[in-house]
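Remarks on the overall topology
Letter by letter, the chains look like this.
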Amino acid sequence: MSEREAGTRAARDVDPPAIPYAAVRDVVAALRIANLAGRASASAHTVAQAMSATELGALQRYWPNLRPADAVRAALDLAVTAGDVTISARPRGHPLFVHPEAVQRLGTILGLAPSAPRRQRTRALVLEAARALGRAVRFCDIISYRDDSGWAAGLDRAAIGRDIQSLCLAGDIVAVREVLGGGVDGQYFYLPEEHAPGAAIELPVPLGPSTWLEHVLVAFQRCWEAECAEASSDQRRPRPISTGILRARLLEETELPQARDEQLVPNALIQLAKASLPRVRIACVRAGSHFALWAPAHVPDEALDVGRAFASDAARVVEAAQRAMERLHVPAVGRHEVTAEIARDPALRPNGASSVAALLADASKEMIAAGTGSRRRRVTAVLQGVGCVAGEAHYTTRAGTTSTTSTGRAGDPAAAERALVHAYRYVDFLRLQDRWRQRHAMTQVQCASESLSAAASVGRLRAIRQGIAQLQTATAEFRADLAPHVRRVQREIEDIEGEAAAVSHECERHLGRLLIDARRLRAWTPALESAVARGVLESTGVTTETGPLSGTDRGEATLTTEEVFAMVRTRGYARALRATSATELVPLLSHRIARLDNVEYAGWRQQASEYHFERTDAMLFAAIEWGGGTAVLFAQIARQELGQLRDPRFIRAGLSHARFDGRMASAAALAFLPGDPETDDCLAQIALHDPDAGYGALPCGPTERPTDRGGVADRACARRRAAP
């Protein structure tokens, strides 16, 4: 409150001065004139305007500290106390005064006797409200005029509404324009019959937007006109309007708070489409899409360019994913395929700053934010995440694609379910294909023939052959249940099987020579000979080519992501320092440490990790990354000797090798394999009875005796005891 207003209120609230009633009578007379001139109750400011300067000067002699309007109000308050004037209403805290004689005179002027019917009084109220405002009036205007006038204060709001409807049916009042979204303020603009369009004294009808829905409709019409002008210049058909474009124009042209809410704009368009006379409609862009595009209700689909119109960036990437699935004839695609499809059509390029991977992940979310920190399930899921291949997520649409022969009619739940099953199986096949490529089987065969121990070379080749056998079993299953539905899989299976046959032939070519060399070793046991003859290795000693290890073998052959995460964070691995959870570590180390599928993984990473790290490979990685010079040397020797072999029987046979470097390579490899009593005994025996423990290879100091140095086997035993 300002200082002047405070002083005015204080001066008015003090005891009224002793003034002659003649001064108050002049104010009451001016009130009567103001009531009759405006045909309504009047405020103190209106009464002050009806008084002459002489009368105001005489009145201010009694309240010298008040403004003229405040002095008039003080005099009217005295008249109200005396009963000569009544207060009809207090809009926004400011009283409106009415003279009793003016109320009677207004009734006479309007032709309303005290016993006139309510319906006739309502018509007079609408007539006077329209004349006072000089235009057509809504229900809210009529109620506001009733509150400001004294003679119609007794009319009830609900009764006025019923009477207006009855008068419209009788023709005494005309509804000249419908108001969209008027609500309780009125759905129509009204005019009395004598002022309706075509009458002698016609009053104007407001044509500008009056409500939120009308503002949205006007903005939509401007967007459509701009799109038609652009389409005409580009010599193409106009495209439907998205809610994003409409909201941007509302924010640019208006200051309405509703435009800042993203949900109110599509809600307004839905109301406009469901009106008694629809103004807009949803354009039929593409079947099964939940992204709405809008067009005027009178424009047919044939007049629209719906092929290159998209409601948002999410709609663009979903369309790109669908086109990629149809072009490649596959039931699921990843980020790279979607990006390649976007490069084919510039209309699919996202306009925002979000990446393609982020847009795909957002479109596949089943739970979305519902405000106030809560989440709700998405009504229509556009994309379905079906798994990851080499750290890249793959997605499919629920409706399937034309590449599956079991798609059936659109909207068939059974067909959609079958398409989803094919997508999951296709991702399993991609994982198999990725594992096969990561093995580099032909390179492994060539490296196996160069191992220092012939027994280790035989074991490595046998492990490769076993992996190929498992691969062939898996490809046979995919050929039976997936190839008939996804045409591309058949060609890729043939390529994999051709490569596997070439690797198997190369293994057989080297095995004959290496078996002769391996049988010369004294540690070549009958059990090992029998295993080689059968061509089958135990699963405990082989890192399989396909699928996870069995539950009994998982604890010894693998490390969980949490264990590896703790190891690399403790050692200060630079690439892992930015990782905040074990799940983020998987893509960082996926190319450094071999991974195996986790049998406990059921599609939810918070319950179980999707992969486990292979234990021996993780130990070799740790030794090479953080070990000293000797540890790095032995780890590199062990990696060269082992390859993918994890069966210690073939490595123990190398401890009897005639050459020192062969025995050293076998001992170094055993240090990184899971321990067992038989291996420990062999290492202890070779440490005690090795004829050449490597003294010549390790220089002695001037005060150091050779017997104090220990051999390679002693180092291997110590390293096995210190290993996690």
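Since the model is a prediction, treat every value here as computed from it, not as a measurement.

Definitions and limits used
Residues numbered from 1 in each chain as written. Predicted model: local features only at pLDDT ≥ 70, side-chain atom pairs only at ≥ 80, totals over all residues. Heavy atoms only, no water. Helix = DSSP H or I, 4+ residues; strand = E, 2+ residues; numbered from the N terminus. Contact = heavy atoms within 4.5 Å. Areas by Shrake-Rupley, 256 points an atom, 1.4 Å probe, with all protein chains shown as cover. Pairing = 2+ DSSP bridges. Phe/Tyr/Trp six-rings, centres within 6.5 Å; stacked < 30°, edge-to-face > 60°. Buried < 20%, exposed > 50% of the residue type's maximum accessible area, 1.4 Å probe, protein only. Lys NZ or Arg CZ within 6 Å of the ring centre and 35° of its normal. 1 Å grid on protein atoms, 1.4 Å probe; cavity = no way out; pocket = protein on both sides within 12 Å on 5 of 7 lines; lining within 4 Å. Points joined across faces, edges and corners; volume = space filled by probe spheres on them. Nonpolar A, V, L, I, M, F, W, Y, C, P; charged D, E, K, R; others polar. Axes fitted to C-alpha atoms, helices over the stretch in contact; angles between N-to-C directions. Polar contact = N/O pair within 3.5 Å; in protein donor to acceptor, adjacent residues only side chain to side chain. Parallel < 35°, antiparallel > 145°, perpendicular 65-115°, else oblique. Left-handed = near helix turned anticlockwise from the far one by under 90°. pLDDT = per-residue confidence, 0-100. Salt bridge = Lys/Arg side-chain N within 4 Å of Asp/Glu carboxyl O. Arc of directions from axis to C-beta.

It is worth spelling out the overall build of the protein chain at this point. Per the secondary structure count, the protein chain includes 29 helices and 15 strands. A sequence separation of at least 24 residues applies to 61% of the contacts in the protein chain between residues at least 6 apart. In the form shown here, the protein chain has an accessible surface area of approximately 36,400 Å², with 52% of it arising from carbon and sulfur atoms.

Moving on, we get to the sheet that holds strand 7 (residues 293–296). A sheet is described by the order of its strands in space; here three strands give the open sequence 5-7-6, paired in antiparallel fashion. A single partner strand is all that each edge strand has here, and the edge strands are strand 5 (241–242) and strand 6 (280–282). The sheet contact formed by strand 5 and strand 7 spans two bridges and is antiparallel. Residue Ser242 lies in a different strand from strand 7, and its bridge partner there is Leu293.

A separate point is the packing of aromatic side chains. This model, assessed by the stated rule, comprises two aromatic pairs. Measuring from centroid to centroid gives 6.4 Å for Tyr188 and Tyr190, while their planes differ by 50 degrees, and the two rings are tilted. Take Tyr188: its relative accessible area is 35%, and that puts it in the partly exposed class. Overall, the relative accessible area of 12% leaves Tyr190 in the buried class. In this arrangement the basic side chain of Arg138 is found over the ring face of Phe189, its NZ or CZ atom lying 5.9 Å from the centre.

Reported here for the second largest pocket is a volume of approximately 920 Å³. Lining the second largest pocket we find 32 residues, and of these Gln438, Arg439, Ile593, Ala594 and Asp617 sit closest to its centre. At the level of secondary structure, the elements contributing two or more residues to the lining of the second largest pocket comprise helix 16 (413–439), helix 17 (441–448), strand 14 (595–597), helix 24 (615–626) and helix 25 (629–642). Broken down by class, the residue content of the lining of the second largest pocket amounts to ten nonpolar, eleven polar and eleven charged.

A separate point is the sheet that holds strand 14. Strand pairing in a sheet relies on backbone hydrogen bonds, with the paired strands running either antiparallel or parallel. Ordered by their spatial adjacency, three strands build an open sheet running 13-15-14, and the pairing between neighbours is antiparallel. The open sheet has two edge strands, strand 13 (558–559) and strand 14, and neither has a second partner. Bridge count for strand 13 against strand 15 (residues 611–614) is two bridges, and the pairing is antiparallel. Looking across to strand 15, one finds that Leu559 is bridged to Phe613. In the packing of helix 24 onto the sheet, contacts are made with strand 13 and strand 15, and the angle to strand 15 comes to roughly 60 degrees.

A separate point is unusual backbone geometry. One can expect most non-glycine residues to show negative phi and most peptide bonds to be in trans. Its identity is not glycine, yet Gln235 carries a phi of approximately 55 degrees, on the positive side. Tracing the backbone through its elements, the reader meets Gln235 in the loop between helix 10 (212–234) and strand 5. Phi is positive for His329, which is not a glycine, with a value near 60 degrees. Taking the relative accessible area as the measure of exposure, His329 reaches 31% and is therefore partly exposed.

On to the pairing of strand 12 (residues 392–397). Among the six residues that make up strand 12, five are buried, leaving the element largely enclosed by the rest of the structure. Pairing of strand 8 (residues 333–334) with strand 12, which is carried by two bridges, proceeds in the antiparallel orientation. Paired with Gly334 across the strands is His394, a residue of strand 12. As consecutive antiparallel partners, strand 11 (residues 383–389) and strand 12 are separated by two residues, and within that stretch Ala390 has a phi angle of approximately 55 degrees, a positive value.

Another aspect to go through is the side chain of Asp163. Inspection of the secondary structure assignment puts Asp163 in helix 9 (residues 157–170). Asp163 gets classed as buried once you look at its relative accessible area, which sits at 5%. For Asp163, the side chain forms a polar contact with the side chain of Thr122, separated by 2.9 Å. Leaving out residues up to four positions away in the same chain, Asp163 has contacts with Arg118, Arg119 and Thr122.

The next point concerns the pairing of strand 7. The side chains of a regular strand alternate between the sheet's two faces. Pairing of strand 6 with strand 7 involves three bridges; the strand directions are antiparallel. For Arg281, the partnering residue across the bridge sits in strand 7 and is Ala295.

What follows concerns the environment of Ala361. Tracing the backbone through its elements, the reader meets Ala361 in helix 15 (residues 356–363). Along the primary structure Ala361 and Gly385 are separated by 24 residues, whereas in three dimensions their C-alpha atoms are 8.1 Å apart.

Their axes nearest at 11 Å, the elements helix 8 (residues 139–148) and helix 9 cross at an angle of 130 degrees. Overall, the two elements helix 8 and helix 9 adopt an arrangement that is oblique. Considering the relative orientation of helix 8 and helix 9, their crossing is right-handed. Contacts from Phe139, Ile142, Ile143 and Arg146 of helix 8 reach helix 9 at Arg157, Ile160, Gly161 and Ile164. In the contact of helix 8 with helix 9, the residues fall into five nonpolar, one polar and two charged.

Turning next to the confidence of the model for the protein chain. Averaged over every residue, the pLDDT of the protein chain is 77; residues scoring 70 or more account for 77%. Within the model, pLDDT remains below 50 along residues 400–410, and this stretch shows 26 contacts once partners closer than five positions in the same chain are excluded. In this model residues 538–553 is a low-confidence stretch, pLDDT under 50, and it forms 39 contacts with partners more than four residues away in sequence or in other chains.

Attention now goes to the environment of Ala130. Mapped onto the secondary structure, Ala130 falls in helix 7 (residues 118–133). Spatially, the C-alpha atoms of Ala130 and Leu203 are 8.0 Å apart, while their sequence positions differ by 73 residues. Not counting residues within four places of it along the chain, the set of residues in contact with Ala130 comprises Arg135, Val137, Leu191, Pro192 and Leu203.

Bringing the pattern of salt bridges into the picture now. Following the criterion strictly, the structure yields 26 salt bridges and no others. A salt bridge links Asp428 to Arg431, with the nearest nitrogen and oxygen atoms 3.5 Å apart. Pair noted here: Asp428 and Arg431 are both in helix 16, with a separation of three residues, about one helical turn. The salt bridge involving Arg465 is made with Glu508; its shortest N-O contact spans 2.3 Å. Residue Arg465 is found in helix 18 (residues 454–481), and its partner Glu508 is found in helix 19 (residues 487–518); the two are separated by 43 residues along the sequence.

Let us look at the packing of helix 24 against helix 25. The interhelical angle for the contact between helix 24 and helix 25, taken along N-to-C directions, is 145 degrees, at an axis separation of 8 Å. In this structure, the crossing between helix 24 and helix 25 has a hand that is left-handed. Counted together, Thr616, Asp617, Leu620, Phe621, Ala623 and Ile624 of helix 24 and Ala631, Val632, Ala635, Gln636, Ala638, Arg639 and Leu642 of helix 25 form the full contact between these two elements. Here the contact of helix 24 with helix 25 is composed, by residue class, of nine nonpolar, two polar and two charged.

Okay, the environment of Asp680 next. Along the polypeptide, Asp680 turns up in helix 28 (residues 677–689). Counting along the chain gives ten residues from Asp680 to Leu670, while the straight-line C-alpha distance between them is 9.3 Å.

Attention shifts here to the side chain of Glu641. Here Glu641 lies in helix 25. Once residues lying within four places of it in the same chain are set aside, the contact partners of Glu641 are Ser451, Leu452, Ser453, Ala456, Arg460, Ala665 and Ala669.

The subject of this paragraph is helix 12 (residues 264–273). Those residues of helix 12 lying buried are Val265, Pro266, Ala268, Leu269 and Leu272. Mapping the buried residues of helix 12 onto a view down its axis gives an arc of 155 degrees, with all of them on the same face.

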